[in-house]
Structure formats: structure tokens, C-alpha cells
Amino acid sequence: MPKVRKEIPELGKLVQVGRKKFVRYEEGAQLYSMGLHTFQELAKDAKGTGNFRANNA
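Residues numbered from 1 in each chain as written. Predicted model: local features only at pLDDT ≥ 70, side-chain atom pairs only at ≥ 80, totals over all residues. Heavy atoms only, no water.

## A word on the overall build of the chain
Moving on, step 1. Within the chain, the secondary structure is distributed over four helices and zero strands.
Moving on, step 2. In the chain, the succession of α and β elements from N to C terminus is α-α-α-α.
Moving on, step 3. For the chain, restricting intrachain contacts to residue pairs at least 6 apart in sequence, the fraction spanning at least 24 positions comes to 19%.
Moving on, step 4. If you sum the accessible surface of the chain, you get close to 5,400 Å²; carbon and sulfur atoms cover 52% of it. (Helix = DSSP H or I, 4+ residues; strand = E, 2+ residues; numbered from the N terminus. Contact = heavy atoms within 4.5 Å. Areas by Shrake-Rupley, 256 points an atom, 1.4 Å probe, with all protein chains shown as cover.)

Right, dumping it as C-alpha cells:
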């Protein structure tokens, strides 16, 4: 059974005005209207992934 996608209110507007620079996989998949796995593959191919928590220490 597929997971139900969470609705993120006004995500597109937050990204456009620069209030949200980075998005999570679920948010990006919703923003670009594609599946989660497809979005993950595209992000990895574009080298747009990173471990941001480790860099903040």
C-alpha cells in the first residue's frame, strides 16, 4: 500500500521568495510533482545531496 503524501502549505511560495533554501526529498518530490524515488535519483545524479547536520557541529 503506498504512503500518503503530506501536504506542505505554500511550499512553492517559500522556495520562490528564498525563505526556504533547501528542501527534503518529500518536499522536493511534491514541489516538482514527481515520485519520491525519481526525485532522489535526480538529486543524487545532480550531486545535490549532502549531510547538513554533520556540517553544523
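Moving on from the coordinates now.
## Concerning the packing of aromatic side chains
Moving on, step 1. On inspection of all chains with the given rule, the structure shows two aromatic pairs.
Moving on, step 2. Measuring from ring centre to ring centre gives 6.5 Å for Y25 and F39, while their planes differ by 80°; the resulting arrangement is edge-to-face. Remark: F39 occurs in helix α3 (residues 36-45) and Y25 occurs in helix α2 (residues 25-31); sequence separation between them is 14 residues.
Moving on, step 3. A relative accessible area of 30% means that Y25 is categorised as partly exposed.
Moving on, step 4. The rings of Y25, Y32 and F39 are connected pair by pair, giving a single aromatic cluster. (Phe/Tyr/Trp six-rings, centres within 6.5 Å; stacked < 30°, edge-to-face > 60°. Buried < 20%, exposed > 50% of the residue type's maximum accessible area, 1.4 Å probe, protein only.)

## Examining the environment of E7
Moving on, step 1. Here E7 lies in the segment before α1 (11-16).
Moving on, step 2. Given the relative accessible area of 68%, E7 is considered exposed.
Moving on, step 3. A sequence separation of 20 residues divides E7 from E27, and the C-alpha atoms of the two residues are 8.7 Å apart.

## As for the confidence of the model for the chain
Moving on, step 1. In the predicted model, the chain carries a mean pLDDT of 80, and the fraction of residues at 70 or more is 84%.
Moving on, step 2. Per-residue pLDDT, averaged within each element of the chain, yields its smallest value for helix α4 (residues 52-55) (61) and its largest for α3 (93). (pLDDT = per-residue confidence, 0-100.)

## Notes on the side chain of E27
Moving on, step 1. Counting through the fold element by element, E27 comes out in helix α2.
Moving on, step 2. E27 gets classed as buried once you look at its relative accessible area, which sits at 13%.

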